[in-house]
Amino acid sequence: MLDTIEIKIRSGNGGNGSISGRREKFVPEGGPDGGDGGNGGSITVYADPNENTLQGYRYKKYFSAENGGNGSGKLRHGKDGEGILLKVPVGTQVWSLEGKREQLIYDLNTPKAAVVLAKGGRGGNGNAKFKSSINRFPLLAEGGEQGKRLIVRFELKLISDVGIIGSPNAGKSSLLAAVTAAKPKIADYPFTTTEPILGVVVHQDVDFVMADIPGLLEGAHEGVGLGREFLRHIERTRLLLHVVDGSLENPLEEYKKVRKEIGLYSEAMLGKPEVVVINKIDVVNNATGLQEEIAKVRGEGVKVMWISAATREGLTSLMNGVVGKLNELRDSFPEGVIPKTNAVTTLVPESAPPSIKETDGEYVVRDARSERISKMVDPSNWDAKVQFYEHLRRSGVIAALEKTGISGGDIYRIGNLKLEWA
Ligand SMILES: Nc1nc2c(ncn2[C@@H]2O[C@H](COP(=O)(O)OP(=O)(O)O)[C@@H](O)[C@H]2O)c(=O)[nH]1
Ligand SMILES: [Mg+2]
């Protein structure tokens, strides 16, 4: 049963800002004109009412959103990277598997709810944005912000689309076994497990999960608290198939008994969408009266279907009916909005003060914005390096380096750029 999966995701990197323009004085339209990089695509998870299972993630386990394009001259902005929308069934929980501790980060129990799991990296500013009264022709630009990598687990908490309920021996397990690959125990005595058994039905290109939910009587000896369990299982389904043994002396009584059992724990659950399934028609000769009796109890609108789990008679019609009903339930979800997937954030707060660590005789500077700018510095361009030094001075990096006791000839590194302390 595929109700949990693990995937890796990566949002797109921001595109680099561009360094461009004409430096000569008196050139009309001269000046810095390097455009900004585009934002990286984000990865968003979306509770799609049309999804029933996590089967779609069975093979594809890695999702990488598009990077933003680089900026270019004439103030051309880089293209924003395409985001990715991960569709999951309503009722999916998202767990973060970063580090050692697993953590529930989102519970998508509302139809059409969406959250951004990994925002795309912000595109870097082009050199046009660096222009100021003291620097008329900046040779600096920002590199794009890196995307974010995450490992997440999806867990489908809605245990099933369809829950099978009914008295012991009605044929619940037989029905599940007949329409799915699940192998529930089938017996003509009530058996004792209280956990639902799940199976995936594939019908008309639609797949959905069906659960065989043991009733209260089946677990009667297992004591108190069972009613609550039973209710919890029913709550976690969209549609109930109430199986009734049509070969009984008084099937209607059995039907009412189960309804009463449900009502005992929750009046509201009695209103849950239900299809009544009369089973064992292979051994029933005359049960035409039953449909009307059920209609009397439930009203004319109730759907009653006849099957034999043993001979498979009526199973195709039943599955057609179930698919139709599930579609109906889905259509009743309120209209929502598919989110934009290019939402952007600053992943590393750029306001954090610069920090310096000495490793292998090098002073390594950590400062988000300076690192991004360093990426774009042409190390063979003396003027660019002077401007970068000026940036480091203004942003407090030089002062922080001085405090470490750095001395002439020492090397300090920012990103991939190595500089010599003068
Ligand atoms: N004749 C007949 N017997 C059935 C049919 N479906 C189930 N049974 C039998 O009814 C008994 C109870 O079935 P089971 O699926 O275990 O019922 P559950 O307790 O509701 O899960 C078993 O002996 C089954 O073989 C059916 O369509 N026709
Ligand atoms: Mg059973």
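Let us look at the structure shown here. (Residues numbered from 1 in each chain as written. Chains lettered and ligands numbered in written order. Predicted model: local features only at pLDDT ≥ 70, side-chain atom pairs only at ≥ 80, totals over all residues.)

Now for the site of ligand 1. The local shell around ligand 1 holds 18 residues, among which Gly171, Lys172, Ser173, Ser174 and Ala310 are the closest. For the shell around ligand 1, the element with the highest residue contribution is helix α1 (residues 172-179), accounting for three residues. Here the shell around ligand 1 is composed, by residue class, of seven nonpolar, seven polar and four charged. (Near = placed C-beta within 6 Å. Helix = DSSP H or I, 4+ residues; strand = E, 2+ residues; numbered from the N terminus. Nonpolar A, V, L, I, M, F, W, Y, C, P; charged D, E, K, R; others polar.)

Positive phi, close to 65 degrees, is recorded for Asp205, a residue that is not glycine. As for its position among the elements, Asp205 is in the loop between β12 (197-203) and β13 (206-212). Accessibility expressed as a C-beta count within 10 Å gives 6 for Asp205, which makes it exposed. At Asp360, a residue that is not glycine, the phi angle is positive and equals roughly 50 degrees. Topologically, Asp360 is positioned in the loop between β17 (355-359) and β18 (362-366). For Asp360, a count of 7 C-beta atoms within 10 Å gives the class exposed. (Buried ≥ 20, exposed ≤ 12 C-beta atoms within 10 Å, placed from the backbone.)

Before going further, it helps to examine helix α3 (residues 251-265). With 15 residues, α3 should reach 21 Å at 1.5 Å per residue; the first-to-last C-alpha distance of 22 Å fits that figure. The set of residues buried in α3 consists of Pro251, Glu254, Tyr255, Val258 and Ile262. On an axial view of α3, the arc spanned by its buried residues comes to 105 degrees, and they lie on one face. The outward face of α3, more than 90 degrees from its buried face, is lined by the exposed residues Glu253, Lys260 and Gly263. (Expected span 1.5 Å × (residues − 1). Arc of directions from axis to C-beta.)

Judged by nonpolar contacts, the single largest core of 36 residues is most densely connected at Ile164, Met210, Ala211, Val243, Val244 and Val277. With near-sequence residues (within four places) excluded, Ile164 lies in contact with Lys172, Leu175, Leu176, Met210, Ala211, Asp212, Ile213, Leu241 and Val243. Formed by 19 residues, the second largest nonpolar core is a distinct cluster that contains Val45, Leu86, Leu117 and Leu156. (Core = buried A, V, L, I, M, F, W, Y, C linked by C-beta atoms within 7 Å. Contact = placed C-beta atoms within 7 Å.)

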